[in-house]
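Below, each chain spelled out in residue letters.
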Amino acid sequence: MTGLASYLCFFATVALTYGVAVLGLNLQWGAAGLFNVGVAGFAAVGAYVAAWITAAPAPAHWGGFALPIALGWAGAMLAAAFAAAIVGAATLRLRADYLAITTFGAAVTLQLVALNATALTGGPFGIAFIPKPFESLADRPLAFGAANLALVAAVTAIIFVALERLTQSPWGRVLRALREDEAAAASLGKAPDRFRLQAFVIGAALMGLAGAMQAQFFGFIAPDNYLPVLTFQVWVMLVLGGSGNNRGALLGAVVVWGLWTLSGTLLAAMLPGAWQARGAALRLVAIGAVLAGVLLARPRGLIGERATVSRHVVHTGEQA
Amino acid sequence: MLELSGVTRRFGGAWAVDGVSLHIPPGRITGLIGPNGAGKTTLFNLIAGSLRPTAGAIRFEGRDIAHAPPHRRAALGLGRTFQIPRPFAAMTVLENVLLAALHQRGERAFANWLAPRAVAAEERRNIVRAREIIDFLALGRLAAAPASVLSGGQRKLLELARVLMAEPRLVLLDEPAAGVNPTLLETIIERIRELHARGISFLIVEHNLDLVARLCGEVHVMAGGRLLASGPPEAVTRDARVIEAYLGGAA
Ligand SMILES: Nc1ncnc2c1ncn2[C@@H]1O[C@H](COP(=O)(O)OP(=O)(O)OP(=O)(O)O)[C@@H](O)[C@H]1O
Ligand SMILES: [Mg+2]
């Protein structure tokens, strides 16, 4: 019984770390219309930076400063934001499809760097022994799982509230205007590139944080974690949950991570050993089929976008 | 206030605007007329920055703006409306107007987390001002309605309301009377007069010569991308070259 409960805690913890990445993507795509196909790259930056900062020194990789986990997460967000600022400044003023090409290319490149820059990243073996939060509770699995879940739930809640505020703020209003009619918004003094770049950078910082949290909860990272399939997962979570809606983003993360875990368990149980590797591909097909099914029934996802109104407009009772 | 010299814009092989030099003095309502396809809207786009000139200089209050992006020109006090109105259809009328306030603190992402009270106070002040403008333009009853429900004429008024929220010193109006019913047209004319009395200058593109004659002190006539004639409305509309251009355009 405690085994199941602590497993559920771990499942929910991981699902919420995905949720943070999906919230970041929702800011980029749902609010700003930015097509980022390099989610895995920003998550990788966050994961490796957090590992370098918090892990103990080890000969197999660079870093190992054994600093507090909070510093590792802050560093992860800053590093991912910095990476996004470079990518964004180079491509956001170009046509929209350049962003897709560049983010995809950057993510693939980063993954290859992680694989080959062995002195920095530990190469294909990655970085192990990344400290977990609440390590002192590790011998009581349920308390340990519950504490970790409480931590990631609190982080997710803070981010959720912060993002809701942002989308309902004058800043969010400019993004909505830019999405509807860029020329009209520009004619009213709004600098399109500035707002897009900010949305891109803040969203990427959240992806970096998600990568860092996953590194910390798994205790181990390797380049294989940051293949394009991670980007695919986060996109499916957003689209299935409801792009443009932060609640939908979180719901999508939990549902898709549940399906992913379940399908993995089922395929492992059903397929003979020789077929296991091919089973991984079947998992992608299954998730894609579920996504198609949901979108047929609910084209805007489980919880679609609702009309956002600036919060102060509502608060002052002006909407009579 | 606005100074164009030799402004030229080519699309492929065609010169949409061809060496136009103009001086728009401050404190005036100036008209810009000409047959369809004369290049009036293209000239507006060049002044407002949605298009860059192939050649020529554009100075606004002494500053060279020929290559400044549109948002910077708006921030300098140069407002414009579109020939075909472009409201943010999914937003309410009030939000359309609120958006247009320049340099809002709440437009800085971090201010919304670090200084939420200051943002809220500023937003409340902006709401008061936006409502004044909306009432002034006879859209008061529609403030909470989505902009998508507005009629063509109301959309023209909304465009003007948005521009006013940005506190411009010169406003470019592209066909403010097109598709507007006679009652609403009187409202528009009256409001432009009043805004002018408050110190805002206007450059108006319009096919309705009655409106032009009633509002504008000076009129410039364009045809085939070139400036054809300039002068007071009565003189210009009697000018043989102008009549020829209009008849030629119609034939
Ligand atoms: N983006 C564009 N690409 C190619 N040609 C264009 C473009 N915009 C305008 N033109 C051409 O430039 C010329 C001038 O057009 P413009 O819209 O400025 O005329 P206008 O004087 O505003 O006419 P109207 O009174 O009908 O609004 C026309 O021949 C038009 O076809
Ligand atoms: Mg025109």
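Residues numbered from 1 in each chain as written. Chains lettered and ligands numbered in written order. Predicted model: local features only at pLDDT ≥ 70, side-chain atom pairs only at ≥ 80, totals over all residues. Heavy atoms only, no water.

Colleague: Before we go on, may I ask you to explain the overall build of chain B in this structure?
Modeller: The helix and strand inventory of chain B stands at 10 helices and 10 strands. What you see for chain B is a C-alpha radius of gyration of 19 Å, in line with the 18 Å of a compact globule of 251 residues. The dimensions of chain B, computed from C-alpha atoms along their principal axes, are 60 × 40 × 35 Å. Out of the 251 residues belonging to chain B, those deemed buried represent 56%. (Helix = DSSP H or I, 4+ residues; strand = E, 2+ residues; numbered from the N terminus. Rg over C-alpha atoms; globule rule 2.2 N^0.38 Å. Buried < 20%, exposed > 50% of the residue type's maximum accessible area, 1.4 Å probe, protein only.)

Colleague: How should the coordination of the magnesium ion (ligand 2) be read in this particular structure?
Modeller: Six octahedral donors at a metal ideally form angles of 90 or 180 degrees, and four tetrahedral donors ideally form angles of 109.5 degrees. All names here are of chain B. Every protein donor of the magnesium ion (ligand 2) is listed here as Thr41 (OG1) and Gln83 (OE1), and their distances to the metal cover 1.9 to 2.1 Å. With Thr41 in helix H1 (residues 40-48) and Gln83 in the loop between strand S6 (78-80) and helix H3 (93-99), this pair connects stretches of sequence that are 42 residues apart. Using a relative accessible area of 26% as the deciding quantity, one classes Thr41 as partly exposed. On the basis of relative accessibility, which here comes to 34%, the residue Gln83 falls in the partly exposed class. (Donors = N, O, S within 2.8 Å, 3.2 Å for Na, K, Ca; no water.)

Colleague: Which parts of the structure should I look at to understand the domain arrangement of chain B?
Modeller: Interface size is often expressed as the accessible area that is lost when the parts come together. Residues and elements named next belong to chain B. Domain assignment breaks chain B into domain 1 (2-87 + 152-246) and domain 2 (88-149). Spacing between the C-alpha centres of domain 1 and domain 2 amounts to 27 Å. Counting residues at the interface gives 20 residues for domain 1 and 20 residues for domain 2. Summing both partners gives a buried area of about 1,800 Å² for domain 1 against domain 2, and 71% of it is carried by carbon and sulfur. When residues of domain 1 are sorted by the area they lose upon contact with domain 2, Leu158, Arg162 and Met165 head the list and together hold 36% of the total. Applying the counting rule to domain 1 against domain 2 returns 1 salt bridge. For Glu167, the salt bridge goes to Arg129, with nearest N and O atoms at 3.8 Å. The tally of links from domain 1 across to domain 2 stands at 5 residue pairs in polar contact (both at pLDDT 80 or more). Looking at the side of domain 1 that touches domain 2, the elements that each hand over two or more residues are helix H2 (70-75), helix H6 (152-165) and helix H7 (182-197). Per-element accounting of the side of domain 1 that touches domain 2 gives the leading share, 9 residues, to H6. A class-by-class count of the residues in the side of domain 1 that touches domain 2 yields 11 nonpolar, 2 polar and 7 charged. (Domains from an automatic or database assignment. Contact = heavy atoms within 4.5 Å. Buried area = accessible area lost by both parts, 1.4 Å probe. Salt bridge = Lys/Arg side-chain N within 4 Å of Asp/Glu carboxyl O. Polar contact = N/O pair within 3.5 Å; in protein donor to acceptor, adjacent residues only side chain to side chain. Nonpolar A, V, L, I, M, F, W, Y, C, P; charged D, E, K, R; others polar.)

Colleague: What am I meant to see in the sheet that holds strand S4 (residues 55-60) of chain B here?
Modeller: Strand pairing in a sheet relies on backbone hydrogen bonds, with the paired strands running either antiparallel or parallel. Residue and element names in this part refer to chain B. The 4 strands are arranged S2-S1-S4-S5 in an open sheet whose pairing can be described as antiparallel. Edge positions in the sheet fall to strand S2 (14-24) and strand S5 (63-64), since each has one partner strand and no second. Summarising the sheet, S4 and S5 pair through 2 bridges and their orientation is antiparallel. Bridging from a neighbouring strand, Arg59 pairs with Asp64 of S5. In the packing of H1 onto the sheet, contacts are made with strand S1 (2-11), S2 and S4, and the angle to S1 comes to roughly 115 degrees. (Pairing = 2+ DSSP bridges. Axes fitted to C-alpha atoms, helices over the stretch in contact; angles between N-to-C directions.)

Colleague: Would you mind going over the sheet that holds S6(B) with me for this structure?
Modeller: All names here are of chain B. Strand order in the open sheet formed by 6 strands is S6-S7-S8-S3-S9-S10, with mixed pairing between adjacent strands. In this open sheet, the two edge strands, each paired with only one partner strand, are S6 and strand S10 (226-231). This sheet shows a mean twist of 20 degrees between the axes of neighbouring strands, independent of strand direction. Alignment of strand S3 (residues 29-33) against strand S8 (residues 201-205), held across 4 bridges, turns out to be parallel. Across the sheet, Ile29 pairs through a bridge with Phe202, a residue of S8. With respect to the sheet, H7 is in contact with S3, strand S7 (170-174) and S8, its orientation differing from that of S8 by roughly 150 degrees.

Colleague: Can you walk me through the site of ligand 1 in this structure?
Modeller: All names here are of chain B. Taken together, the neighbourhood of ligand 1 is formed by Phe11, Ala16, Asn36, Gly37, Ala38, Gly39, Lys40, Thr41, Thr42, Gln83, Glu175 and His207. Between an oxygen atom of ligand 1 and a side-chain N or O atom of Asn36, the distance comes to 2.8 Å. The separation between an oxygen atom of ligand 1 and a polar main-chain atom of Gly37 is 2.9 Å. Protein chains shield 57% of the accessible area of ligand 1, which is 630 Å² for the free molecule. When residues of the shell around ligand 1 are assigned to their parent elements, the largest contribution, 3 residues, is made by H1. Its residues placed into classes, the shell around ligand 1 shows 3 nonpolar, 7 polar and 2 charged. (Near = heavy atom within 4 Å. Areas by Shrake-Rupley, 256 points an atom, 1.4 Å probe, with all protein chains shown as cover.)

Colleague: Teacher, can you tell me more about the packing of H6(B) against H7(B) here?
Modeller: Each packed pair of helices is defined by two parameters, the angle between the axes and the distance between the axes. All names here are of chain B. Contact geometry for H6 and H7: axes closest at 10 Å, N-to-C directions at 15 degrees. As judged from the angle between their axes, H6 and H7 are roughly parallel. Our pair here, H6 against H7, has a crossing hand that is left-handed. For the pair H6 and H7, contact is made by Gly153, Gln154, Leu157, Leu160 and Leu164 and by Leu184, Ile188 and Leu195, respectively. (Parallel < 35°, antiparallel > 145°, perpendicular 65-115°, else oblique. Left-handed = near helix turned anticlockwise from the far one by under 90°.)

Colleague: Sorry, what's going on with the packing of helix H1 (residues 2-31) of chain A against helix H9 (residues 192-218) of chain A here?
Modeller: Residue and element names in this part refer to chain A. Relative to each other, H1 and H9 sit at 165 degrees, their axes nearing to 7 Å. By the angle class used here, H1 and H9 are roughly antiparallel. The two elements H1 and H9 meet at a crossing, and its hand is left-handed. Per-class residue counts for the contact of H1 with H9 are 19 nonpolar, 6 polar and no charged.

Colleague: I'm lost on the confidence of the model for chain A in this one. Help?
Modeller: Interpretation of the predicted coordinates at a detailed level should be avoided for regions scoring low in pLDDT. Per-chain confidence: chain A averages 91 in pLDDT, with 97% of residues scoring 70 or above. Note that residues 315-320 of chain A has pLDDT below 50 and, in this model, 12 contacts with residues that lie over four places away or in other chains. (pLDDT = per-residue confidence, 0-100.)

Colleague: Help me understand helix H7 (residues 170-180) of chain A in this model?
Modeller: Structural remark: α-helix, 3.6 residues per turn; residues separated by three or four positions point the same way. All names here are of chain A. With 9 of its 11 residues buried, H7 lies for the most part within the structure. Every buried residue of H7 is listed here: Pro170, Trp171, Gly172, Arg173, Val174, Leu175, Arg176, Ala177 and Leu178. The opening residue of H7 is Ser169, an N-cap whose side-chain oxygen sits 3.1 Å from the backbone nitrogen of Trp171.

Colleague: I'm lost on the pairing of strand S9 (residues 218-223) of chain B in this one. Help?
Modeller: Sheet faces and side chains relate simply in a regular strand, where the side chains alternate between the two faces. Residue and element names in this part refer to chain B. For S9, the buried fraction is high: 5 of the 6 residues fall into the buried class. Here 4 bridges tie S3 to S9, and the two strands are oriented parallel to one another. Opposite Leu32, over in S9, you have His220 as the bridge partner. In this structure, S9 lies alongside S10, joined through 5 bridges in antiparallel fashion. From the neighbouring strand, Ala223 faces S10, where its bridge partner is Arg226. Adjacent in sequence and paired antiparallel, S9 and S10 are bridged by 2 residues, among which Gly224 carries a positive phi angle near 55 degrees.

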